[in-house]
Amino acid sequence: NRVNVCAAVDFAYTTTKRADYTCIAVVGVDSMYNYYVLEVDRFKTGHISDYFKHILSLHQKWGFRTLYAEATAAQSVIINSLKQDYIRPNGLALDIEEENPSRHLGSKEERITNILQPRYANRQMWHYKGGNCQSLEEELIVQHPPHDDIKDAVSVAVNRSIAPTGAIRSSTNVLGTYSNNRFGGVG
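Residues numbered from 1 in each chain as written. Predicted model: local features only at pLDDT ≥ 70, side-chain atom pairs only at ≥ 80, totals over all residues. Heavy atoms only, no water.

With 15 residues, helix α2 (residues 73-87) should cover 21 Å at 1.5 Å per step; its first-to-last C-alpha distance of 20 Å lies within 8% of that length. If you check which residues of α2 are buried, you get Gln75, Ser76, Ile78, Ile79, Ser81, Leu82 and Ile87. The elements touched by buried residues of α2 are β1 (3-10), α1 (48-62), β4 (66-70) and β5 (95-99). (Helix = DSSP H or I, 4+ residues; strand = E, 2+ residues; numbered from the N terminus. Expected span 1.5 Å × (residues − 1). Buried < 20%, exposed > 50% of the residue type's maximum accessible area, 1.4 Å probe, protein only. Contact = heavy atoms within 4.5 Å.)

In this section: the packing of α1 against α2. α2 packs onto α1 with a crossing angle of 70° between their chain directions and a minimal axis gap of 10 Å. As summarised for this structure, α1 and α2 are arranged roughly perpendicular, according to the angle between their axes. Here α1 contributes Ile48, Ser49, Tyr51, Phe52 and Ile55 to the contact with α2, which in turn contributes Ile78, Ser81, Leu82, Tyr86 and Ile87. Partitioning the contact of α1 with α2 into residue classes produces eight nonpolar, two polar and no charged. (Axes fitted to C-alpha atoms, helices over the stretch in contact; angles between N-to-C directions. Parallel < 35°, antiparallel > 145°, perpendicular 65-115°, else oblique. Nonpolar A, V, L, I, M, F, W, Y, C, P; charged D, E, K, R; others polar.)

Ranked by internal contacts, the top residues of the largest apolar core, which has 22 residues, are Tyr35, Val37, Leu116, Met125, Ile150, Val154 and Val158. If you list the elements that add at least two residues to this core, you get β1, β2 (22-30), β3 (35-43), α3 (108-121) and α5 (149-160). Here this core takes six residues from α5, the largest share from any one element. The residues contacting Ile150, other than those within four sequence positions of it, are Cys23, Val40, Arg42, Asn132, Ser135, Leu136 and Glu139. Grouped together as the second largest cluster of nonpolar side chains are 20 residues, Leu58, Leu67, Ala69 and Ile87 included. (Core = buried A, V, L, I, M, F, W, Y, C linked by side-chain atoms within 4.5 Å.)

A few words on the sheet that holds β2. Spatial strand order, β5-β4-β1-β2-β3-β6: six strands in an open sheet with mixed pairing. What marks the edges here is a single partner per strand, and that holds for β5 and β6 (125-127). Strand-to-strand twist of the sheet, defined as the mean angle between neighbouring strand axes without regard to direction, takes the value 30°. In this sheet, β5 lies alongside β4 in parallel orientation, the contact comprising five bridges. By the bridge assignment, Ala69 is partnered in β5 with Glu98. Lying over the sheet, α2 contacts β1, β4 and β5, oriented at roughly 170° with respect to β5. (Pairing = 2+ DSSP bridges.)

Turning our attention to the packing of aromatic side chains. The full count for this structure, using the stated rule, is three aromatic pairs. Ring centres of Phe43 and Tyr51 lie 6.3 Å apart, and the angle between their planes is 55°; this geometry places the pair in the tilted category. For Phe43, a relative accessible area of 8% gives the class buried. Residue Tyr51 is classed as buried on the basis of its relative accessible area of 2%. (Phe/Tyr/Trp six-rings, centres within 6.5 Å; stacked < 30°, edge-to-face > 60°.)

Further remarks concern the pattern of salt bridges. The full count for this structure, using the stated rule, is six salt bridges. For the salt bridge of Arg42 with Asp149, the shortest nitrogen-to-oxygen distance reads 3.2 Å. One end of the pair, Arg42, is in strand β3; the other, Asp149, is in helix α5, with 107 residues separating them in the sequence. One salt bridge in this structure joins Arg160 and Glu97, with 2.7 Å as the shortest N-O distance. In this pair, Arg160 is assigned in helix α5 and Glu97 in strand β5, connecting sequence segments 63 residues apart. Taking relative accessible area as the criterion, Glu97 reaches 28% and is therefore assigned partly exposed. Beyond isolated ion pairs, a larger network of salt bridges with shared partners links Glu97, Glu99 and Arg160. (Salt bridge = Lys/Arg side-chain N within 4 Å of Asp/Glu carboxyl O.)

Written as structure tokens, this is what we have:
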């Protein structure tokens, strides 16, 4: 089945021992709204060139065209530098779109839960074995994990994913067909 690929990044800009990691999550969605965690890259750095190396590697491997990134004050500086100093000079067909979650959507934990919980409950989420997916599963299971960077990036990627169009679906029209003269067709 055809899968559309989406990626999201949760930047961490400190490298202390207890600081969060930077996490890039690549997710695919098929026409049946099954979400596949394709790859999770998790690392610590304080250098924008390192962010770019990781993004470039995943972009070349998976071919996503847009990377969604939460943009607070310091993260906006990283995003602008990536766009101006790395993506544009290298001629990449990659856009970094800033995510600015508002408080009316709830806390970070509430937003993540609202996006991921229904999809896990409906068995629409699929993980690869091993690697950083093991860390994702630990973050999902523990009530207040020490880090939430992976599930944050995965939730943004899942939320922004668009299923492929043109899927062949069998549909049964329970109400039957009716004529709609105003718009010139059958509904």
